[in-house]
Amino acid sequence: MSPEKETIIVGAQPISPSATPLPVKPADGEAAPRLGWMYGAACMTGGIGLVTLNDGIAKWLTADYAVGQVIALRGVLVLILLFGFAFATGRRAQLRVTRWDLQLIRAGVIVGSTYSFIWALKLMAIADATAIAFAGPIVTAALVVPLLGEQVGWRRWTAILVGFCGVLIMVKPTPATFSTVALLPLLATVLGSFRDIVTRKMHRTETTFSMLAVGMTLVTLSGFASLAFEEWKPIGWQEAGLLAVSSIFVGAAQFLMIEAFRYSEAGFVTPFKYTSIVWAVLIGFVVWGNIPDLWIVTGTLLVIGSGLYILHRERVRRTEEAAQSDR
């Protein structure tokens with residue numbers, strides 16, 4: 001992606017730790033903050049912390065309210081913020097859609113990933129769901145071969161297999177310990193990887209605002225459609241406040257993650273996404289008393305290690321390509 005293109009935010013849904021905005025360089029003549037890379041690290045850590053806090057709010061609300069109700073009401077608030085910001089800042093033109101086919105495909109995938117992850121949060125510990133969601137970079141690295149035709153060397157394939165073993169350890173695929181609930185965050189991760197690949201295909205014609213608007217609108221409508229299958233309950237003032245805070249967290253997390261990729265190299269700030277497991281463990285322990293077991297800890301270490309190695313190999317590949325182009 002050239003520097004002139006606008007950043008594409010892959011977050012029109014509750015953002016999982018695997019969701020990463022595409023990096024963008026500072027505009028010509030725009031100075032980076034004096035803190036440099038550490039500014040990016042701080043933004044990524046804060047942004048992913050807000051993402052995890054948002055997941056905690058979703059888990060809290062879905063304990064008493066239908067998943068579709070939480071998705072619908074939060075979606076309305078996010079859309080109000082999105083359209084309000086676009087109109088207030090004179091960016092209405094950026095809401096224009098060029099490729100409705102790709103927009104609707106992407107939005108449909110987002111609906112699936114949103115429901116999968118929110119249901120996972122409802123039914124399992126937040127740290128467990130977050131840990132399994134770390135498989136995102138691994139799944140994406142495997143899917144780019146058949147879907148984008150990109151070449152993946154044996155080193156990255158080895159890392160993909162190691163990460164897959166880590167996921168299996170967390171899911172515990174034995175007759176005695178297998179939990180079908182653990183497949184929900186894994187499904188959300190696979191769908192999120194498809195979303196990222198579709199985003200790569202459409203970033204030249206579609207803007208950040210148009211993708212956020214279409215994706216969030218379809219997610220919100222799907223939430224209201226759940227009225228036919230789920231019983232909604234009146235929302236109290238406390239819960240309404242939590243929904244409002246959740247919407248603000250989503251927007252603030254988007255901003256901080258854009259800032260992280262805007263002023264720091266992707267290879268430097270991306271590993272800070274994994275700090276979400278610290279947030280998730282703390283939230284799960286303080287609020288629900290959950291402590292990850294040895295299976296989750298072991299699998300998490302394997303997944304994080306393989307994900308970091310995949311990021312390293314990607315950085316090496318880009319460096320080699322840049323060196324060849326300069327010859």
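Undergrad: Can you break down the overall build of the protein residue by residue, with the values?
TA: Across its full length, the protein holds 12 helices and 0 strands. For the protein, the succession of helices and strands along the chain, N to C, is α-α-α-α-α-α-α-α-α-α-α-α. Here the protein holds 327 residues, and the buried ones make up 49% of them. Expressed as a percentage of contacts within the protein between residues at least 6 apart in sequence, the contacts between residues at least 24 apart total 86%. Accessible surface, the protein as shown: approximately 15500 Å² in total, 68% of it carbon and sulfur.

Undergrad: Got a sec to walk through the pattern of salt bridges? Specific residues and values, please.
TA: Inspection of the entire model under this criterion finds 1 salt bridge. A salt bridge links D101 to R99; the shortest N-O distance between them is 2.8 Å. Given a relative accessible area of 39%, D101 falls into the partly exposed group.

Undergrad: Go over the confidence of the model for the protein with me, naming the residues and quoting the values.
TA: Scored by pLDDT, the protein has a mean of 80; 81% of the residues are at 70 or more. Across the protein, the secondary-structure element scoring lowest on mean pLDDT is helix α10 (residues 266-269), at 64, and the one scoring highest is helix α3 (residues 100-123), at 93. Here residues 1-34 is modelled with pLDDT under 50, and outside its nearest four sequence neighbours on either side it reaches 92 contacts, counting other chains as well.

Undergrad: Run through helix α7 (residues 183-202), naming residues and quoting values.
TA: Over its 20 residues, α7 runs 29 Å from end to end, which matches the ideal 28 Å to within 8%, given 1.5 Å per residue. Taken together, the buried positions of α7 are occupied by P185, A188, T189, L191, G192, S193, R195, D196, I197, V198, T199 and M202.

Undergrad: Got a sec to walk through helix α11 (residues 276-288)? Specific residues and values, please.
TA: Over its 13 residues, α11 extends 17 Å from the first C-alpha to the last, a length consistent with the 18 Å expected when each residue adds 1.5 Å. Turning to α11, its buried residues are S276, I277, A280, I283 and G284. Angularly, the buried residues of α11 cover 130° about the axis, an arc narrow enough to put them on a single face. At the C-terminal side of α11, G289 shows a positive phi close to 75°.

Rules of the game
Residues numbered from 1 in each chain as written. Predicted model: local features only at pLDDT ≥ 70, side-chain atom pairs only at ≥ 80, totals over all residues. Heavy atoms only, no water. Helix = DSSP H or I, 4+ residues; strand = E, 2+ residues; numbered from the N terminus. Buried < 20%, exposed > 50% of the residue type's maximum accessible area, 1.4 Å probe, protein only. Contact = heavy atoms within 4.5 Å. Areas by Shrake-Rupley, 256 points an atom, 1.4 Å probe, with all protein chains shown as cover. Salt bridge = Lys/Arg side-chain N within 4 Å of Asp/Glu carboxyl O. pLDDT = per-residue confidence, 0-100. Expected span 1.5 Å × (residues − 1). Arc of directions from axis to C-beta.

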